[in-house]
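# Structural overview for review
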Amino acid sequence: MLKKRAFLKWAGGKYGLIEPITALLPEGNKLIEPFVGAGSVFLNTNYDKYILNDVNPDLINLFKIVKRRPRRFIDDAARLFTLRNNTADAYYSLREQFNQSSDLYQRALLFLYLNRHGYNGLCRYNLSGQFNVPFGRYSRPYFPQAELEFFAEKAQQAVFTCMSFEQVFRRARKGDVVYCDPPYAPLSTTANFTSYASGGFNLEHQHELARRAAHTAHKRGIPVLISNHDTELTRLLYQDADIQSLQVARFISPKGDSRGKVAEILALYTQPERANVIPLTRRVRSR
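Residues numbered from 1 in each chain as written. Predicted model: local features only at pLDDT ≥ 70, side-chain atom pairs only at ≥ 80, totals over all residues. Heavy atoms only, no water.

In this section: the packing of aromatic side chains. Per the stated rule, a full pass over the model turns up 21 aromatic pairs. Sitting over the face of the ring of Phe 150, Lys 4 holds its NZ or CZ atom 4.8 Å from the ring centroid. Note that Arg 107 overlies the ring of Phe 98, its terminal NZ or CZ placed 4.1 Å from the centroid. (Phe/Tyr/Trp six-rings, centres within 6.5 Å; stacked < 30°, edge-to-face > 60°. Lys NZ or Arg CZ within 6 Å of the ring centre and 35° of its normal.)

As structure tokens, this is what we get:
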């Protein structure tokens with residue numbers, strides 16, 4: 001099957017890992033993604049139904065609008081992709097419009113524009129909730145019409161939600177499959193990149209995700225697959241899962257010497273519980 005690209009550029013997107021991910025995903029009636037991101041796994045799987053969640057309300061709002069009125073949205077969004085709007089002055093003016101707007105349709109249009117014209121396709125907000133990615137300086141940003149059309153068609157099988165991953169796990173039922181692509185655990189203390197939505201994703205969140213994945217698979221019989229960096233921490237957190245390690249190219253850093261391959265893991269929870277997940281929460285609380 002020909003792989004389908006997402007219509008958004010996305011840090012940590014899973015387009016390049018579709019084959020190993022889909023090889024491990026079990027069969028089921030519905031795929032649940034608590035951290036859907038740009039949706040590459042959704043676009044390249046064939047479940048009957050989907051629950052696609054993210055804590056970024058702008059992302060989920062965009063997905064809902066593309067699902068409900070794709071033709072109008074595509075026509076309106078295309079008008080933003082002009083040479084006149086591909087300048088720093090235009091970009092920062094439209095970014096300010098986005099940050100000041102409360103109109104959901106306008107925010108969806110501008111979110112796509114900012115994603116394709118901003119630096120490296122990053123999605124980042126400051127502490128005040130303002131989108132603050134700088135201008136990307138691309139010669140001719142790509143307008144993803146075909147990708148939008150495919151997403152809109154497949155989205156008819158999906159329900160989009162904006163809630164915590166804990167709430168999403170509660171919606172899983174026997175026969176479902178859960179795939180989690182959380183903000184990754186840092187490779188070092190200075191490498192943490194979790195600010196694409198306000199609130200962050202800290203060590204206690206990483207531990208809670210592992211705990212819920214183990215409980216969901218071992219106690220409720222619902223398989224869970226998680227992607228993350230391959231570190232001592234994640235190996236410890238996912239000790240009750242079957243782990244596959246792989247090397248993945250990463251291109252987020254602006255420094256050339258930081259754009260090499262990094263080790264990632266896919267942790268699949270399906271088997272009966274072998275041991276309790278170590279309760280790291282007590283160890284990481286502030287003293």
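That covers the picture; the talk isn't over yet.
Here the focus is the side chain of Thr 234. You can see Thr 234 is positioned in helix α10 (residues 232–237). Its relative accessible area of 0% is what places Thr 234 among the buried residues. The residues touching Thr 234, leaving out its near neighbours within four places in the chain, are Ala 185, Asn 228, His 229 and Ile 265. (Helix = DSSP H or I, 4+ residues; strand = E, 2+ residues; numbered from the N terminus. Buried < 20%, exposed > 50% of the residue type's maximum accessible area, 1.4 Å probe, protein only. Contact = heavy atoms within 4.5 Å.)

With that out of the way, let us pick up the sheet that holds strand β6 (residues 242–249). Backbone hydrogen bonds hold the strands of a sheet together, and the pairing may be parallel or antiparallel. The mixed open sheet is built from seven strands, whose spatial order is β3-β2-β1-β4-β5-β7-β6. Either end of the sheet is taken by a strand with one partner, and the two such strands are β3 (158–161) and β6. On average, each strand axis in the sheet is tilted by 15 degrees relative to the strand beside it, whichever way the strands run. Looking at chain direction, strand β1 (residues 30–33) and strand β2 (residues 49–53) are connected through four bridges and run parallel. (Pairing = 2+ DSSP bridges. Axes fitted to C-alpha atoms, helices over the stretch in contact; angles between N-to-C directions.)

It is worth spelling out empty space enclosed by the protein at this point. One pass over the full model with this rule turns up one cavity of 30 Å³ or more. Its boundaries defined by the atoms lining it, the largest cavity holds a volume of some 80 Å³. In terms of residue class, the lining of the largest cavity is built from seven nonpolar, five polar and three charged. (1 Å grid on protein atoms, 1.4 Å probe; cavity = no way out; pocket = protein on both sides within 12 Å on 5 of 7 lines; lining within 4 Å. Points joined across faces, edges and corners; volume = space filled by probe spheres on them. Nonpolar A, V, L, I, M, F, W, Y, C, P; charged D, E, K, R; others polar.)

Another point: the packing of helix α4 (residues 70–78) against helix α7 (residues 145–154). For the pair α4 and α7, interaxial distance at closest approach is 10 Å and the crossing angle is 160 degrees. The orientation of α4 relative to α7 falls into the category roughly antiparallel. Our pair here, α4 against α7, has a crossing hand that is right-handed. Contacts between α4 and α7 pair Pro 70, Arg 71, Phe 73 and Ile 74 from the former with Gln 145, Leu 148, Glu 149 and Ala 152 from the latter. Here the contact of α4 with α7 is composed, by residue class, of five nonpolar, one polar and two charged. (Parallel < 35°, antiparallel > 145°, perpendicular 65-115°, else oblique. Left-handed = near helix turned anticlockwise from the far one by under 90°.)

With respect to the helices and strands, Arg 69 occurs in the loop between α3 (57–68) and α4. The spatial distance from the C-alpha of Arg 69 to the C-alpha of Ala 152 is 8.4 Å, given a sequence separation of 83 residues.

With that out of the way, let us pick up the confidence of the model for the protein chain. Here the protein chain averages 89 in pLDDT, and 86% of its residues register 70 or above. Segment residues 275–287 is flagged for pLDDT under 50; beyond a separation of four residues in sequence, or across chains, it makes 22 contacts in the model. (pLDDT = per-residue confidence, 0-100.)

On to the UniProt feature "binding site: S-adenosyl-L-methionine" (unreviewed entry) in the protein chain. Within the UniProt annotation, "binding site: S-adenosyl-L-methionine" (unreviewed entry) is assigned to Trp 10, Lys 14, Asp 54 and Asp 181. Restricting the annotated residues just mentioned to those that line the largest cavity leaves Trp 10, Lys 14 and Asp 181. Relative to the elements of secondary structure, Lys 14 occurs in the segment before α1 (18–24). Within the local environment of Lys 14, its side chain forms a polar contact with the backbone oxygen of Gly 12, the two atoms lying 2.7 Å apart. Relative to the helices and strands, Asp 54 resides in the loop between β2 and α3. (UniProt positions renumbered as here; feature names shortened; annotations may be inferred. Polar contact = N/O pair within 3.5 Å; in protein donor to acceptor, adjacent residues only side chain to side chain.)

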